[in-house]
Every structure is written in structure tokens, then in C-alpha cells.
Amino acid sequence: MKFGSIPIDTAEGAVLAHATTAGERRFRKAHRLSADDVSLLKAAGISEVVAAVLAPDDLSEDAAAERIAESMIHRNIETKAAATGRVNLHAQAAGIFTVDAAMIDAINAVDPTITIATLAQHAPVEKGQMVATVKIIPFAVSSMLVDSVARICAGGEIFAVNAYQPVRVGVIQTVLPGIKPSVLDKTMRVTEARLARSGGRLAAERRTPHAVGPVAEAAASLARDNDMVVIFGASAMSDFGDVVPAAIEKAGGTVIRAGMPVDPGNLLVLGTLAGKRVIGAPGCARSPKEHGVDGVLDRLIAGLDVTAKDIAGMGVGGLVMEISTRPQPREPLPARAELKVDVVLLAAGRSSRMGGPNKLLALFAGKPLVRRSAERALGSKASGTIVVTGHQRERVRSALSGLDVTFVDNPDFAEGLSSSLKAGIAGVTGDAAGAIIMLGDMPGIASADLDRLIDAFHKSEGRSVVRASHEGKRGNPVLLPRSLFAAIAHLEGDTGARHLVEAEGLDVVDVEIGKAASIDVDTREALEGAGGVLQD
């Protein structure tokens, strides 16, 4: 492939490096020029373009990404369609992600033009979550390089989602004088919730004295009827010969490992009994917060083996969190600022399908639709509301009179959705972690719907795209993290952020909000069906 400035007379078949305009025709970046395209460009006075010229053995970026993805061997993973030189792969089930790191490293060493990125080894994933992405950097690569990658992929399974299994778990809780029944009851609720997250089921419980004999007897009984046994000791393990590991051996089992380099979770015990796994849970496992037991428990429920060597290798990354109730000296916990989210309300469109009237000024229960939308944005947890105006800007602003919103004008509104999106994002406050892109013509969206998106964004710590959905289908609004703002500045035409979200490879969290996510009013019939009345 050759890249650079080329004369327009030799540009047929070349791939544009930048968006280019010829009169009223606009060619997007990565567009392959036809003979007619070249004629239009020449007629517009363009004598040269910056483009990529493919060699006979080159593959386009999408074709190369698709071929690499097709050559991969994987389980419980869905391959998405190629776009902008990228193929994303998503989990088809909830489970634990495993990856052949040596194979990934070998592929990434073939040539810098070809890249593969994945989640971390043994990362827990939800159904539908992105787990890997193939990205071709230039507009085309040699087919020889792609063939080299395909040969590596033929060597075996490159990655997989090991689906959680519906395991039955028996729980033992030992009791010492002074321990409150409420503590034991809470432990059961926390454990039940932890298992439900990964498809497990709490099937039975035994409460015994904190002594080797009773614990051994209960463990042997539960191991007969369940897939796994978890033991909560009333007193933390203080020695490798303490009650829990000793009870596993007395019952005829084997202690695989006592203690692990994960904090919190140091005092975990892992063993086998009658072919079943037994976990001696440390005290931190009584809390719903993340701790070292989660990683071991999730892997076991996903059908993966956990060995003493596996546990010994958990030290890097094993500092999970700090617990404020532990004795000092300890590092103080940093204060965590609340993530701020703005709403960008898009109200610049021409309502072209209405045949004249502006749909945003249609009355719903006597109130202009755009005002109804703005009031619901203001009634949410969002820290601010930016309204993008364009077509009939003065009438739209008048309809919003008295509301505490920030107006941003889009003089290029006729160029399409991307111009309004760019204008709105440019107006988002500097300390906002994300922005909800809210269409002005969706009468069913409520403040509570926006709050649900914001809550999900907080749970993802501001790293994910959060999207409203209806019955499993994506809809609007969409909450975009700040990490996408720079890329939005390069969008063009009548497109939103959908392809950008896929290309950037961020996690997407879908939040079910009902029919409101899919109801907009682009036509007279749709508007009147939703209860609106058009105004001239």
C-alpha cells in the first residue's frame, strides 16, 4: 500500500484519507473512489487527494479484520460485523474469560498494522459484553501478513467465555459463644446473592460448633448432595492446622492451599472432598464488597480448575481494596468524588418529515415537546442541561423561556446529526464525566429514566457507554463517557455516535426503560399517535 498525495487523474480505486467535498457531494474518509467520483472531484477543481493506493495483494482494512476474526477458534463468543477496520467480539453467555496470552502476543508481533486487544485473563463477563477487538491500523494490509496471523490462529483456541454452571452449594457456618444470629443470617443473604450473580444456588446450610469434628461431619454430609461446600469459620484461620483445614482432612479430603496473596482474602482455604471443591471462606466473604474469594468462586462455578499454583500467582493485582475497619496503621481512603453527568438535548433539526411544522413545538398536554423534554432533563440527577438549537432557533429558545438551561447554537444543523452532537459535546462542562445525548423528539422519556442511566454509569465508574433499551433492542437516550468526546469531534454527516461506540471498543451497558426508549415522533402519524398536536 502507498499512502500520500496523488494526482486526481490516477485516483480511481484509491481510498480517501480525509473527508473531501466536491460541490454538494461529500465523500467520507475511507471511501474508495470510483471513476464517477474522480470526475466529480475534477469538475470541482480538485487536482490531487491524500489517499491510500492498494497493491494487488493488499486487503482493505475491513476485509483483513474479518479474515482474521474468521480464522479464530473460540467458544461462547459472537463476532460482530467489521467497521472502520475493526471487528469486535462479544460474550454470548455470562462467565469467565480465558485467553491464550502467548497466541495474542504472537499475533501482535507479526506487524504493527495488525492488533488484537482482549480483556484480562479470568475476567468475569456479562452476556453481550465485549471481550476482544481486532483492529487494522492503516486502510489496508498485505494479505501475506493476514495469512501469517491466520496460521497462528489455527494453532488452537485463542480465547473463550467459560459459561457459569448452575451449581448447588452447601454452606457451613461455625458458631462460638457471643456470635449473633443476625451475623449468620446476613452471611447467608450475602452468599446467596453472590452465587446468584454467577448462576449458583445456595442449596443447604449447617450451623455447627467451631470444632474439627462437627465441621468435618457437616462437610462430608453436604459434599454428598451438592457440587461445592463453603465453610465460614466463626474465628479466622490462624494456622494451617486450624479448624477449617483440619476438618477438611478429617472428613477424608485434601487441602490444596491455605492462604492466598490477595487482600482482602488472605485467609482462604481451598480443598477437595469426595470429588467436590471445598472453600474455607475468610471473614471478608461475609461482606458483599469485592474480595479475593470472588475470583476463586467464580472460576469454580464456570467449571475452571483452580490449583495451588493458580492461587500463588494471584499476588500481582491481588491488592483488591482497603477495609476501613481494620486496625491502623493503614493508608487513609481517598475521598471519591461523585461523577457529574450533563444532558445534551438535541433540538436543532428541521423536522423535514413533518412537511413544514416543527415537531419540537408540537403541544403535549398543552406544553411544547421541547420544553417537556428539557424539564425532564432538569428534573433528573444530571448536573446541567445543554440545549443545541439550529432550525427556528428563536422559536425553540422562546419555548424554553425561564428554564435553567445552557444554549449552544449549531449554525451547521443542515449538515446532519453529527454537527449538533459535536456542538453539544463542546458545550459540556469541563468537570463532567459523561453526557447523556437526549433527542428532543422522544415524548416518553422521564426524569427517572435518565436517573437510571446515570446510576448505571456510576456503577461502571464512568468507563462504560450506557444505553437505554426496550425488550433487548438498543434505543435512546445514550450516555457517553468523556473518553469518547475527542473522537466525537471527528464525526461527519447525518450520523450519531453508534459506529463510534463500536469502533472505540468500550463496554456498553443496556438499561431497560420500556417503550420510551424506542418512541420518537419523526412523522405526523407518530406524533399524533403519541398524543401530540402540531402547531403551524
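Rules of the game
Residues numbered from 1 in each chain as written. Predicted model: local features only at pLDDT ≥ 70, side-chain atom pairs only at ≥ 80, totals over all residues. Heavy atoms only, no water. Helix = DSSP H or I, 4+ residues; strand = E, 2+ residues; numbered from the N terminus. Buried < 20%, exposed > 50% of the residue type's maximum accessible area, 1.4 Å probe, protein only. Contact = heavy atoms within 4.5 Å. Areas by Shrake-Rupley, 256 points an atom, 1.4 Å probe, with all protein chains shown as cover. Axes fitted to C-alpha atoms, helices over the stretch in contact; angles between N-to-C directions. Parallel < 35°, antiparallel > 145°, perpendicular 65-115°, else oblique. Left-handed = near helix turned anticlockwise from the far one by under 90°. Nonpolar A, V, L, I, M, F, W, Y, C, P; charged D, E, K, R; others polar. Pairing = 2+ DSSP bridges. Phe/Tyr/Trp six-rings, centres within 6.5 Å; stacked < 30°, edge-to-face > 60°. Core = buried A, V, L, I, M, F, W, Y, C linked by side-chain atoms within 4.5 Å. Salt bridge = Lys/Arg side-chain N within 4 Å of Asp/Glu carboxyl O.

Colleague: How should the overall build of the protein be read in this particular structure?
Modeller: Secondary structure summary: the protein contains 16 helices and 30 strands in total. For the protein, the C-alpha atoms occupy an extent of roughly 90 × 65 × 45 Å along the three principal directions. Within the protein, the proportion of its 536 residues that are buried is 49%. In the protein, the share of contacts with a sequence separation of at least 24, taken over all contacts with a separation of at least 6, comes to 69%. Approximately 25100 Å² of the protein is accessible, and the part contributed by carbon and sulfur atoms is 52%.

Colleague: I tried to follow the packing of helix α6 (residues 212-225) against helix α7 (residues 243-250) on my own but got confused; where do I start?
Modeller: Between two packed helices, what matters for the description is the angle formed by their axes and the separation of those axes. Two elements in contact, α6 and α7, have axes whose closest approach is 8 Å; the angle formed by their N-to-C orientations is 55°. Viewed along their axes, α6 and α7 adopt a mutual orientation that is oblique. Seen from above, α6 lies across α7 with right-handed handedness. Contacts from Val212, Gly213, Val215 and Ala216 in α6 reach Val243, Ala246, Ala247 and Lys250 in α7. Across the contact of α6 with α7, the residue classes break down as six nonpolar, one polar and one charged.

Colleague: Is there a simple way to explain the pairing of strand β5 (residues 48-53) in this structure?
Modeller: If a strand is regular, its side chains alternate between the two faces of the sheet. Relative to β5, strand β1 (residues 2-7) runs antiparallel, the two being bridged by six bridges. Counted as the bridge partner of Phe3 is Ala52 from β5. Bridge count between strand β2 (residues 15-16) and β5: two bridges; the pairing is antiparallel. Within β5, the position partnered with Leu16 by the bridge is Ala51.

Colleague: Even after reading the chapter, I still don't get the environment of Ala486, so can you show me in this structure?
Modeller: Looking at the secondary structure, you find Ala486 in helix α14 (residues 485-488). For Ala486, a relative accessible area of 58% corresponds to the exposed category. Residues Ala486 and Ala281, 205 residues apart in the sequence, show an inter-C-alpha distance of 45 Å.

Colleague: Just checking my understanding: could you explain the sheet that holds strand β27 (residues 434-439) for this structure?
Modeller: The pairing of strands in a sheet comes from backbone hydrogen bonds and takes either a parallel or an antiparallel form. Spatial strand order, β26-β25-β22-β27-β29-β28-β30: seven strands in an open sheet with mixed pairing. Each edge of the open sheet is held by one strand with a lone partner, namely β26 (406-409) and β30 (508-512). Recorded for the sheet is a direction-independent mean angle of 30° between the axes of neighbouring strands. Lying over the sheet, helix α12 (residues 417-426) contacts β22 (341-347), β25 (384-389), β26 and β27, oriented at roughly 145° with respect to β22. The strands touched by helix α13 (residues 447-459) are β22, β27, β28 (465-470), β29 (473-481) and β30; relative to β29, the strand with the most contacts, the crossing angle is about 55°.

Colleague: I'm lost on the packing of aromatic side chains in this one. Help?
Modeller: Ring pairs (aromatic) are described by centroid distance and by the angle formed between their planes. Scanning the entire structure with this criterion turns up one aromatic pair. Ring centres 5.9 Å apart and planes at 35° place the aromatic pair Phe97 and Phe159 in the tilted group. Note that Phe97 is positioned in strand β10 (residues 95-99) and Phe159 in strand β15 (residues 157-163), a separation of 62 residues in sequence. Residue Phe97 is classed as buried on the basis of its relative accessible area, which comes to 0%. Take Phe159: its relative accessible area is 1%, and that puts it in the buried class.

Colleague: I keep staring at the nonpolar core and nothing clicks. Help me out?
Modeller: If you look at soluble globular proteins, the nonpolar side chains tend to sit buried side by side. Within the largest apolar cluster, 33 residues are counted, with the highest numbers of intra-cluster contacts made by Val370, Ile436, Met438 and Leu479. For this core, the secondary structure elements donating two or more residues are β22, α10 (369-378), α11 (393-399), β27, α13 and β28. A per-element tally of this core places α13 first, with five residues. Membership of the second largest hydrophobic core comes to 30 residues, among which are Ala64, Ile68, Met103 and Val125.

Colleague: I tried to follow helix α8 (residues 292-301) on my own but got confused; where do I start?
Modeller: Each turn of an α-helix holds 3.6 residues, which means side chains three or four residues apart point in the same direction. In terms of residue burial, α8 counts as a mostly covered element, since nine of its 10 residues are buried. Among all positions of α8, only Gly292, Val293, Asp294, Val296, Leu297, Asp298, Arg299, Leu300 and Ile301 are buried. Downstream of α8 by a residue or two, Gly303 has a phi angle that is positive, lying close to 85°.

Colleague: What exactly am I supposed to notice about unusual backbone geometry here?
Modeller: Trans peptide bonds make up most of the peptide bonds, and negative phi angles are found at most residues other than glycine. Residue Pro264 is reached from Asp263 by a cis peptide bond, and omega for that bond is 0°. Relative to the helices and strands, Pro264 resides in the loop between β19 (254-258) and β20 (269-273). Cis rather than trans, the peptide bond between Asn476 and Pro477 has omega equal to 5°. Relative to the helices and strands, Pro477 is located in strand β29. Even without a glycine there, the phi angle at Gln392 is positive, about 50°. The exposure class of Gln392 is partly exposed, given its relative accessible area of 26%.

Colleague: I'm lost on the pattern of salt bridges in this one. Help?
Modeller: Side chains that differ in sign of charge can pair as their charged atoms come close. Taken as a whole and judged by the stated rule, the model has 17 salt bridges. With its nearest N and O atoms 2.8 Å apart, the salt bridge here joins Asp510 to Arg467. One end of the pair, Asp510, is in strand β30; the other, Arg467, is in strand β28, and 43 residues separate them in sequence. For Asp510, a relative accessible area of 40% gives the class partly exposed.

Colleague: What should I look at first to understand α12 in this one?
Modeller: Across the 10 residues that make up α12, a large majority, seven, are buried. Every buried residue of α12 is accounted for by Ser418, Ser419, Ser420, Leu421, Ala423, Gly424 and Ile425. The secondary structure elements touched by the buried residues of α12 are β22, β25, β26, β27 and α14.

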